[in-house]
Amino acid sequence: MLDVMVIGGGQAGLAMGYVLQQAGVRFQILEASGRVGDAWRSRYASLVLFTPAKRNALPGLPFPGDPERYPTKDDVAEYLEAYAREFALPVRLNTRVTGVRRVGGAFEVRTAREVRRTRAVVVATGPFQVPFIPSLAQGLAAEVVQVHSSAYQHPAQLPPGRVVVVGSGNSGAQIAAELARTHEVILALGRRQPQLPQRVLGRDIFDVLSVLGFFEVPTASWLGRFLRRRDPVIGTDIRHLARSGRVQLMARVTGAEGRTVRSMDGQLAEVDAVVWATGFRPDYRWLDVGVLDAQGRPRHVGGVGAVPGVYFLGLSWQRSRASALLGGVGRDAQALGTQVIHGLARGELLGLEQA
């Protein structure tokens, strides 16, 4: 029987693997895809991180290249693959977990090939699980091409004409800016978010925010709760795109019929395609251990689950703003790994009531 089963072989799972390996814990990492880093490889072709390379390292291995450069999605995928190889982390590829349940004093982790037993489970599948498209999309005509941002790759994927990008977070803003070179673009704003430039007085904005302590703000603090509702768009100036005429702005989309979308203020727009940059929803239906709330979200404090022996890593704002960032998940892994290791050493499984 293993000590720990880590579910998910992305940056969160690999960081946790490093921590557990350093402590001599018996563990395995299960990854559904066929190659470490595939979740990054599948993202849109022009994706470039808004964090410089120096801020994207996992524990024990610097991100390669110029520390001030902004890595591409393929750079990240290659780094994650090199990370797993550098530390010989026990990653099992093409292994999707289909069920986890408690059996006696252990957990049974089920895949298509086998059932393994483990004393503890770390769920490191990340915050981007099931693409969310609002039900109003069903009102659009069949000839209107619809694609979620997670499936968007490049402008040629969409027909000529007018495209509405629904959602103005970082992904939506970047996709709208790219599409504006080849299409007529409308960007439908959801909740208005602060916009920050990529660089301020020659310095990367993350250097400035780090000095201000932005990334260390605790999730449970009043400032943390406020910032969770106001996550900034970094490096894409939506106002400039609108002023220059490259992108037309629209209020939140509240209806769709035929080829027409309707905003909350009554504005109508005829469209040829829609990109839904509307985020993701969690999907933990396979986690049958009583650790989810009524909405299917994990019940945890700082990653320590409400059920003893179940932990979460890589969630947005798990401990702070940096929790779901490539360069921030390592700190959470160190903190959470310490709790997992201490529990194993005591022959116990930590739960929420002990966190």
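Here is what the cut-offs are and how they apply
Residues numbered from 1 in each chain as written. Predicted model: local features only at pLDDT ≥ 70, side-chain atom pairs only at ≥ 80, totals over all residues. Heavy atoms only, no water. pLDDT = per-residue confidence, 0-100. Contact = heavy atoms within 4.5 Å. Phe/Tyr/Trp six-rings, centres within 6.5 Å; stacked < 30°, edge-to-face > 60°. Helix = DSSP H or I, 4+ residues; strand = E, 2+ residues; numbered from the N terminus. Buried < 20%, exposed > 50% of the residue type's maximum accessible area, 1.4 Å probe, protein only. Lys NZ or Arg CZ within 6 Å of the ring centre and 35° of its normal.

**Side note on the confidence of the model for the protein chain**
Taken as a whole, the protein chain shows an average pLDDT of 90; of its residues, 95% reach a score of 70 or greater. Predicted confidence is poor over residues 349-355, with pLDDT under 50, and the contacts of this stretch with residues over four places away or in other chains come to 28 contacts.

**A closer look at the packing of aromatic side chains**
Applying the stated criterion across every chain, the model contains eight aromatic pairs. Here Tyr44 and Tyr152 contribute two aromatic rings whose centre-to-centre distance is 6.0 Å and whose plane-to-plane angle is 55 degrees, an arrangement assigned as tilted. Linking Tyr44 in the loop between helix 2 (38-41) and helix 3 (73-86) with Tyr152 in the loop between strand 8 (145-148) and strand 9 (162-166), this pair joins segments that are 108 residues apart in sequence. Like Tyr44, the residue Tyr152 is buried in the burial classification. Ring geometry for Tyr284 versus Trp286: centroids 6.3 Å apart, planes at 55 degrees, classification tilted. The burial state of Tyr284 is the same as that of Trp286; both residues are buried. Taken together through their ring pairs, the aromatic side chains of Tyr18, Phe63, Tyr79, Tyr83 and Phe87 make up a single cluster. If you follow Arg43 out to its NZ or CZ, it ends over the ring of Trp40, 5.5 Å from the centre. Taking the ring centre of Phe132 as reference, the NZ or CZ of Arg281 above it sits at 3.8 Å.

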